[in-house]
Amino acid sequence: MSATVDLARAVRSELAKLSWRSPVWFAIVPIAVLLPIVLNASLAIATRMNKVNGAGGMDTNNAGYWVMIFSTIVLMSAGVASLSNEFKYATVELVYCAQTRRWLLPTAKLIVFGLIAAAATLATVIILLAAFPAVFPEVWGRVELTSSAGLRLLWGLPVFAFFVSALGIGIAGLIPRPGVVVGVVLLWKFGIETFSAMLPVKIGNVVAQWMPFKNGELGAGQYPTMRPIFGGADGSLAYFALIATVFFVLGTMRLSRRDFTTD
């Protein structure tokens, strides 16, 4: 019971740090929400003007693409920067002096920033699925909020965003440098996972089936580009969540061990 009370206090402490002047509110969240909206609106307008080939218009299981590609990483950076700044400004020592349970700090940050990421992506998906079919019926007319694919995006994408934040905070626990953490995630997502598609077909297909982000995005509701090996979309999302959780646990353990060795 004491641990639960301490965790609640740690969460309140993290929330207290997010004043109205925090870049989370005036930069990170607005960018994460507006970026996919602006991109999708620009593409829809260009398609309507016959400036680009819309290939028949948008489908529901592709409507969250830019949210998965950009918003999740932008929102992840908030938690990564918050944890890394505890070391940059030496406030982590004060936190650990006040609270001996070392796992509370990263866990509280995950709860706060993970839920912010989930809420921001949910809001973005609702705007895209509810408003865009009415504003751009020629391009988004087939997109349906209440379809099975739409409902998958409504819950799957926020869950995916939460665990992307868990992955980033976990890596930040291992390497408390935000630029390095974001660079590692981007290198894996857009480098290694993209390179896997360039391998010979048989090898590339097998490698792609084990790629974390490909599975996570499939589980979040993205159009499948590979045959899932974890029992479908739910299994693919669970696979990504497992990998993110492992990194989060490793990062939390690293924080505790590093602090114990410097007491």
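Residues numbered from 1 in each chain as written. Predicted model: local features only at pLDDT ≥ 70, side-chain atom pairs only at ≥ 80, totals over all residues. Heavy atoms only, no water.

### Here's the deal with the overall build of the chain
- Across its full length, the chain carries eleven helices and zero strands.
- Along the chain, helices and strands appear, N-terminal first, in the series α-α-α-α-α-α-α-α-α-α-α.
- Taking 18 Å as the expected radius of gyration for a compact globule of 263 residues, we find that the chain reaches 20 Å, a close match to that expectation.
- The dimensions of the chain, computed from C-alpha atoms along their principal axes, are 65 × 45 × 35 Å.
- Counting only residues that meet the buried cut, the chain has 47% of its 263 residues in that class.
- Taking as baseline every contact in the chain between residues at least 6 positions apart, the subset at least 24 positions apart corresponds to 77%.
- If you sum the accessible surface of the chain, you get close to 13,000 Å²; carbon and sulfur atoms cover 69% of it.
- Positive and negative charge centroids in the chain, built from 20 and 12 side chains respectively, lie 4 Å apart. (Helix = DSSP H or I, 4+ residues; strand = E, 2+ residues; numbered from the N terminus. Rg over C-alpha atoms; globule rule 2.2 N^0.38 Å. Buried < 20%, exposed > 50% of the residue type's maximum accessible area, 1.4 Å probe, protein only. Contact = heavy atoms within 4.5 Å. Areas by Shrake-Rupley, 256 points an atom, 1.4 Å probe, with all protein chains shown as cover. Lys, Arg positive; Asp, Glu negative; His and termini not counted. Charge placed at Lys NZ, Arg CZ, Asp CG, Glu CD.)

### Considerations on the confidence of the model for the chain
- Per-residue confidence for the chain gives a mean pLDDT of 90; residues scoring 70 or more make up 95%.
- Across the chain, the secondary-structure element scoring lowest on mean pLDDT is helix H4 (residues 91-98), at 78, and the one scoring highest is helix H7 (residues 148-174), at 97.
- pLDDT under 50 marks residues 259-263. Its contacts with residues more than four places away, or in other chains, come to five contacts. (pLDDT = per-residue confidence, 0-100.)

### Topic: the pattern of salt bridges
- Within this structure, the stated rule accounts for ten salt bridges.
- For Asp 234, the salt bridge identified is with Arg 152, shortest N-O distance 2.6 Å. Highlighted residues: Asp 234 in helix H11 (residues 233-261) and Arg 152 in helix H7, separated in sequence by 82 residues.
- Classification of Arg 152 as buried rests on a relative accessible area of 18%. (Salt bridge = Lys/Arg side-chain N within 4 Å of Asp/Glu carboxyl O.)

### Points about a nonpolar patch on the surface
- Residues Leu 174, Ile 175, Val 180, Val 184, Leu 242, Val 246, Phe 247, Val 249, Leu 250 and Met 253 make up a contiguous nonpolar surface patch of roughly 740 Å² in combined accessible area.
- Broken down by secondary-structure element, the contributors of at least two residues to the nonpolar patch are helix H8 (178-195) and H11.
- When residues in the nonpolar patch are grouped by element, the largest group, six residues, is from H11.
- Mapping Val 180 onto the fold places it in helix H8. (Patch = residues over 30% accessible without salt bridge, like charges linked within 9 Å, V, L, I, M, F, W, Y side chains within 5 Å.)

### Re the side chain of Lys 189
- Here Lys 189 shows up in helix H8.
- Given a relative accessible area of 5%, Lys 189 falls into the buried group.
- Those residues in contact with Lys 189 that sit more than four places away from it in its chain are Met 68, Ile 69, Ile 73, Thr 194, Phe 213 and Glu 217.

### Some points on the packing of H8 against helix H10 (residues 212-220)
- Direction vectors running N to C along H8 and H10 enclose 90 degrees, while the axes themselves pass 9 Å from each other. By the angle class used here, H8 and H10 are roughly perpendicular. Contacts between H8 and H10 involve Val 185, Trp 188, Lys 189 and Glu 193 from the former and Pro 212, Phe 213, Lys 214 and Glu 217 from the latter.
- Grouping the amino acids of the contact of H8 with H10 by side-chain chemistry returns four nonpolar, no polar and four charged. (Axes fitted to C-alpha atoms, helices over the stretch in contact; angles between N-to-C directions. Parallel < 35°, antiparallel > 145°, perpendicular 65-115°, else oblique. Nonpolar A, V, L, I, M, F, W, Y, C, P; charged D, E, K, R; others polar.)

### Quick word on the nonpolar core
- Within the largest apolar cluster, 61 residues are counted, with the highest numbers of intra-cluster contacts made by Val 24, Trp 140 and Phe 160.
- Tallying contributions element by element places helix H5 (residues 104-135) first for this core, with 13 residues.
- Beyond its immediate chain neighbours, meaning those up to four positions away, Val 24 contacts Leu 18, Val 29, Pro 30, Ala 78, Phe 113 and Ile 116. (Core = buried A, V, L, I, M, F, W, Y, C linked by side-chain atoms within 4.5 Å.)

### A word on the packing of aromatic side chains
- By the definition in use, this model includes eleven aromatic pairs.
- Ring centres 5.6 Å apart and planes at 5 degrees place the aromatic pair Trp 66 and Phe 70 in the stacked group. Placement of the pair is Trp 66 and Phe 70 together in helix H3 (residues 65-88), with a separation of four residues, close to one helical turn.
- Judged by its relative accessible area of 31%, Phe 70 is partly exposed.
- Judged by centre distance (6.4 Å) and plane angle (90 degrees), the ring pair of Phe 160 and Phe 213 falls under edge-to-face. Pair noted here: Phe 160 is in helix H7 and Phe 213 is in helix H10, with a separation of 53 residues, a long-range link. (Phe/Tyr/Trp six-rings, centres within 6.5 Å; stacked < 30°, edge-to-face > 60°.)

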